[in-house]
Amino acid sequence: MDDRLLVNAKWRASPRVSGVQRYAEGLARAIDASALPARFVEPPHAGRLRTTFWEQNTLTKLARNHGALLCPANSAPLQLDQDIRLLVTIHCLRFHFHPTSYSPAFVRWYRVMIPRVIERANTIFTVSQAQRTEIEGVYPAATGKIQVMSPGLDPEFHPDHERDNAVPEGAYLVAISTPAPAKNLGTLIKAYARCVDLPPLVLIGVSPREADVLCPESVRSRVHALGQIDDSTRIASILAHAQLLLAPSRYESFGLPCLEAMGCGTPVLASDIPAHREVCRSAAAFAEPVNPDAWEEQLVQILADSSRLARMRNAGLTRSRAYRWEPSLRTLERELRRGVVSVSA
């Protein structure tokens, strides 16, 4: 028997880096820097079907020589031997509440897989108290199994960065998002279009073609869509020089861009949803998610008040320091002590 924790690193085969992948990689770095003995395994090929087959077959076999398996990126094997301790992080239930944000095949698979994983898991981790409440509400079988293991702020997210060459000159606003309906960019763009004197808007995660579809012709010249950016240092640089981060999502389980913006000293205007309230507390300003009038009012008021921006900047920096990987790693180690994996003192 191999006493090391087996870690399902399936996320490393994904060609696109999302918040889930960044969470998993941050946790992996924290594990590597600790005394926790671990073995990371990953699929040899990319592609959703091939990596899912690997997870459900090859990983199941690899786990038989280990006492515990950690799956930090939502999915896990469904046929795992019962004597193996399964610890899985479920990040969100967006597929349940906003299925149009995904392909029909993805939604069908998650509707089958997630409840079975919840039933089988010995411990379920999630990223916020808000998400814990939501999971328990949708899946009562999760009650009593869930521990909150929030992401830590990665070290590259700090205020001292050189300006990225891709951003426009002068002041600018930034949003890190996708065109998925749950991300609610349409409300933000509608509010932004009403304010003719606002700085340019930089979009990360949205292609120029997607931005042309989202934006009315009157604002297209003011919106700079940079597409997908996987380099977290570049993201930090863009955040650090922005006047304001805009986070309009109708649904989030955590809100990683808000945390990263605060760490870079960038004020945050976020949708008023439980996860954003939990992460930002009083450091951010909030607007009703689907109310363009509320977003317009907040944008105009905040950007006209330099002293308020300074207070938000300082409050965000302070709040961001509450999120470190060390407490989450201690949560993981505590759960492992309930099983068979050796954890060094």
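Whatever comes next refers back to the structure up there.
Calculation notes
- Residues numbered from 1 in each chain as written.
- Predicted model: local features only at pLDDT ≥ 70, side-chain atom pairs only at ≥ 80, totals over all residues.
- Heavy atoms only, no water.
- Helix = DSSP H or I, 4+ residues; strand = E, 2+ residues; numbered from the N terminus.
- Rg over C-alpha atoms; globule rule 2.2 N^0.38 Å.
- Buried < 20%, exposed > 50% of the residue type's maximum accessible area, 1.4 Å probe, protein only.
- Contact = heavy atoms within 4.5 Å.
- Areas by Shrake-Rupley, 256 points an atom, 1.4 Å probe, with all protein chains shown as cover.
- Lys, Arg positive; Asp, Glu negative; His and termini not counted.
- Charge placed at Lys NZ, Arg CZ, Asp CG, Glu CD.
- Axes fitted to C-alpha atoms, helices over the stretch in contact; angles between N-to-C directions.
- Parallel < 35°, antiparallel > 145°, perpendicular 65-115°, else oblique.
- Left-handed = near helix turned anticlockwise from the far one by under 90°.
- Nonpolar A, V, L, I, M, F, W, Y, C, P; charged D, E, K, R; others polar.
- Pairing = 2+ DSSP bridges.
- Salt bridge = Lys/Arg side-chain N within 4 Å of Asp/Glu carboxyl O.
- Phe/Tyr/Trp six-rings, centres within 6.5 Å; stacked < 30°, edge-to-face > 60°.
- Lys NZ or Arg CZ within 6 Å of the ring centre and 35° of its normal.

**Quick look at the overall build of the protein chain**
Consideration 1: The helix and strand tally for the protein chain stands at 13 helices and twelve strands.
Consideration 2: Relative to a compact globule of 345 residues, whose C-alpha radius of gyration would be 20 Å, the protein chain shows 21 Å and is just as compact.
Consideration 3: In terms of principal-axis extent, the alpha carbons of the protein chain reach across some 65 × 45 × 35 Å.
Consideration 4: For the protein chain, the proportion of its 345 residues judged to be buried stands at 56%.
Consideration 5: Taking the intrachain contacts of the protein chain between residues at least 6 apart in sequence as the baseline, contacts between residues at least 24 apart amount to 66%.
Consideration 6: About 15,000 Å² of surface is accessible on the protein chain, with carbon and sulfur atoms providing 50% of the total.
Consideration 7: In the protein chain, 40 side chains carry a positive charge and 35 a negative one; their mean positions are 5 Å apart.

**Some points on the packing of helix α6 (residues 185-194) against helix α11 (residues 292-303)**
Consideration 1: Direction vectors running N to C along α6 and α11 enclose 50 degrees, while the axes themselves pass 8 Å from each other. For the element pair α6 / α11, the angle class is oblique. By crossing handedness, the relation of α6 to α11 is classed as right-handed. Of the residues in α11, those touching α6 at Thr-187, Leu-188, Lys-190, Ala-191 and Arg-194 are Pro-292, Asp-293, Trp-295 and Glu-296.
Consideration 2: Class assignment of the residues belonging to the contact of α6 with α11 gives a composition of four nonpolar, one polar and four charged.

**Describing the sheet that holds strand β9 (residues 223-225)**
Consideration 1: Spatially, six strands are ordered β9-β8-β7-β10-β11-β12 in an open sheet, and the strand pairing comes out parallel. The open sheet has two edge strands, β9 and β12 (285-287), and neither has a second partner. Each adjacent strand pair in this sheet contributes to an overall mean axis angle of 25 degrees, direction not counted.
Consideration 2: As judged from the three bridges shared by strand β8 (residues 201-204) and β9, these two strands associate in the parallel manner. Looking across to β9, one finds that Leu-203 is bridged to Ala-225.
Consideration 3: Taken strand by strand, α6 contacts β7 (173-176), β8, β9 and β10 (244-247), and its axis lies near 165 degrees from that of β8.

**Focus: the pattern of salt bridges**
Consideration 1: Applying the stated rule across the entire model yields 17 salt bridges.
Consideration 2: Residues Asp-164 and Arg-234 are paired through a salt bridge, measuring 2.9 Å at the closest nitrogen-oxygen approach. Of this pair, Asp-164 sits in the loop between β6 (146-148) and β7 while Arg-234 sits in helix α8 (residues 232-240), and the two are 70 residues apart along the sequence.
Consideration 3: Asp-164 sits in the buried class, given a relative accessible area of 12%.

**A word on the packing of helix α9 (residues 256-263) against helix α12 (residues 306-320)**
Consideration 1: One can describe the packing of α9 onto α12 by two numbers: an axis separation of 7 Å at closest approach and a directional angle of 110 degrees. It follows that α9 is roughly perpendicular to α12 by the angle criterion. Considering the relative orientation of α9 and α12, their crossing is left-handed. Packed against α9, whose contacting residues are Leu-259, Met-262 and Gly-263, the element α12 presents Gly-316, Leu-317, Arg-319 and Ser-320 at the interface.
Consideration 2: Class assignment of the residues belonging to the contact of α9 with α12 gives a composition of three nonpolar, three polar and one charged.

**Considering the packing of aromatic side chains**
Consideration 1: Scanning all chains against the criterion turns up six aromatic pairs.
Consideration 2: Their ring planes at 70 degrees and their centres at 5.5 Å tell us that Phe-95 and Tyr-110 sit as a pair that is edge-to-face. Separated by 15 residues along the polypeptide, Phe-95 in helix α3 (residues 94-97) and Tyr-110 in helix α4 (residues 104-120) bring together distant segments of the chain.
Consideration 3: On the numbers, 4.2 Å between centres and 20 degrees between planes, the contact of Phe-106 with Tyr-110 is stacked. Residue Phe-106 and its partner Tyr-110 are both found in helix α4; the two are separated by four residues, about one turn of the helix. For the pair shown, Phe-106 and Tyr-110 are each scored as buried.
Consideration 4: Cluster of aromatic residues (ring-pair linked, three or more members): Phe-95, Tyr-102, Phe-106 and Tyr-110.
Consideration 5: Stacked on the ring of Phe-286, the Lys or Arg Arg-277 has its end atom at 4.0 Å from the ring centre.

Keep in mind these values describe shape, not function.
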